[in-house]
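Structure at a glance
Listed here are the chains, written in short residue letters.
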Amino acid sequence: MRENDFGVDTRSTEKRDFLKRIGVLLGLAIFLTGLCSVAGVVFLIIGVRNEGIGVLGTFEFWMREFFWLVMLPAFAALVKIALDEKPFSVTLTWSIRIIGFLFVIGAAVFPRLEGYRSSGFEILSYKGVGFDGSFLLPGILLIILGNVIMAGFDMQREMDEIL
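As a starting point, this report considers the structure included with it. It should be emphasised that the depicted structure is a prediction, and the values quoted were computed from it without experimental measurement. Counting of residues starts from 1 at the beginning of each chain's written sequence and follows it residue by residue. Per-residue local features are limited, in this predicted model, to residues with pLDDT of at least 70; the limit for side-chain atom pairs, both in listing and counting, is 80 or more; totals at the level of whole chains, interfaces and linings are taken over all residues. The basis for every side-chain value is the complete set of heavy atoms in the structure, and neither hydrogens nor water enter the calculation.

1. Thoughts on a nonpolar patch on the surface
For patch detection, residues must exceed 30% relative accessible area and be free of salt bridges, and they are connected within 9 Å for like charges or within 5 Å for nonpolar side chains (Val, Leu, Ile, Met, Phe, Trp, Tyr). Only the protein chains shown count as cover for residues, with accessible areas throughout obtained via the Shrake-Rupley method and a probe of 1.4 Å. One side-chain nitrogen of Lys or Arg within 4 Å of one carboxyl oxygen of Asp or Glu is enough to make a salt bridge. Taken together, Phe121, Leu137, Ile140, Leu141, Ile144 and Val148 make up a surface patch of nonpolar side chains, about 530 Å² in accessible area. With respect to the element layout, Ile144 can be found in helix H5 (residues 133-162). Residue burial is assigned from relative accessible area. The probe radius is 1.4 Å, only protein chains are included, and a residue is buried under 20% of its type maximum, exposed over 50%, and partly exposed in between. Looking at Ile144, the relative accessible area reads 46%, which means it is partly exposed. Helix and strand assignments follow DSSP, with helices taken as H or I runs no shorter than four residues and strands as E runs no shorter than two, numbered in order from the N terminus.

Here you go:
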């Protein structure tokens, strides 16, 4: 075929190049987010049972737990990518949305916890209580990104059905 020629073969073919390019990083990310997910559950159980909140302080304990909680949906999305060998899925979009919602919840809850240290970016703050903008803004952006990826995924699925 020459440069401007195109094929008319309508048989379905699957490209599997995606994982070849990121295979090592994907494997490492799955391993690390898996470890973080397990550590988060263990940290939560041990922290609540053994008064870990009292040792670290309420804010510090939940900030650390927040990190571990964010790793759970990230781990699920990465495993789904590896299993399906496709970059986009409903799991990915929901994982991004869940992480976004966790950030939004953190923006509302963290400023109310004992030991909270301001990030200097409060939104709708009144008498020292408001939303932490350093959590709220990324949360909103992640929710929007999840919705955009879902719309793109739906369009791709629709195009695949047409062909």
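Moving on from the model shown.
2. Re helix H4 (residues 90-109)
The end-to-end C-alpha separation of H4 is 28 Å, in line with the 28 Å expected for 20 residues at 1.5 Å each. Those residues of H4 that fall on the buried side of the exposure criterion are Leu92, Thr93, Ser95, Ile96, Arg97, Ile99, Gly100, Phe103, Gly106 and Ala107. Under the rule applied, a polar contact is a pair of N or O atoms within 3.5 Å (in protein, one hydrogen donor and one hydrogen acceptor; residues adjacent in sequence only if both atoms are side-chain atoms). The residue sitting at the N-terminus of H4 and contributing the capping side-chain oxygen is Ser89; that oxygen lies 3.3 Å from the backbone nitrogen of Thr91. Take the number of residues in a helix, subtract one, and multiply by 1.5 Å to get its expected span.

3. Concerning unusual backbone geometry
In the Ramachandran plot, Glu85 falls in the positive-phi region, its phi being about 55° despite a non-glycine side chain. On the secondary structure map, Glu85 appears in the loop between helix H3 (58-84) and H4. Look at Glu85 and you get partly exposed, because its relative accessible area is 32%.

4. Topic: the packing of aromatic side chains
Whether two aromatic rings pair depends on their centres lying within 6.5 Å, for rings of Phe, Tyr and Trp, where Trp uses its six-membered ring; planes under 30 degrees apart make the pair stacked, over 60 edge-to-face, and the rest tilted. Counted according to the given criterion, the structure contains 9 aromatic pairs. Measuring from ring centre to ring centre gives 5.0 Å for Phe61 and Trp62, while their planes differ by 85°; the resulting arrangement is edge-to-face. Look at Phe61 and you get buried, because its relative accessible area is 0%. You can call Trp62 partly exposed: its relative accessible area is 30%. A centroid spacing of 4.9 Å and a plane angle of 85° characterise the contact between Phe66 and Phe103, whose relative ring orientation is edge-to-face. In this pair, Phe66 is assigned in helix H3 and Phe103 in helix H4, connecting sequence segments 37 residues apart. Considered together, Phe66 and Phe103 belong to a single accessibility category, that of buried residues. Linked through ring pairs, Phe59, Phe66, Phe103, Phe110 and Phe135 together constitute an aromatic cluster. Each ring is checked for a lysine NZ or an arginine CZ that lies within 6 Å of its centre and within 35 degrees of its normal; such an atom marks a charge sitting over the ring. Positioned over the ring face of Trp94 is Arg97, at 4.7 Å from the centre of the ring. The ring of Phe131 carries the charged tip of Arg112 above its face, separated from the ring centre by 5.8 Å.

5. Let's talk about the nonpolar core
Counting residues in each nonpolar core, the largest one holds 14 residues, and the members touching the most others are Phe59, Phe66, Val70, Ile99, Phe103, Phe110 and Phe135. Elements with a contribution of two residues or more to this core: H3, H4 and H5. With 5 residues, the top contributor of residues to this core is H3. Excluding residues within four positions of it along the chain, Phe59 makes contact with Phe110, Leu113, Glu114, Gly115, Tyr116 and Arg117. One finds Ile30, Ala77, Leu78 and Ile81 within the second-largest nonpolar core, a separate group that totals 9 residues. As used here, the term nonpolar core means buried Ala, Val, Leu, Ile, Met, Phe, Trp, Tyr and Cys residues forming a set that is joined through side-chain atoms within 4.5 Å. Should any heavy atoms of two residues lie within 4.5 Å, those residues are counted as being in contact.

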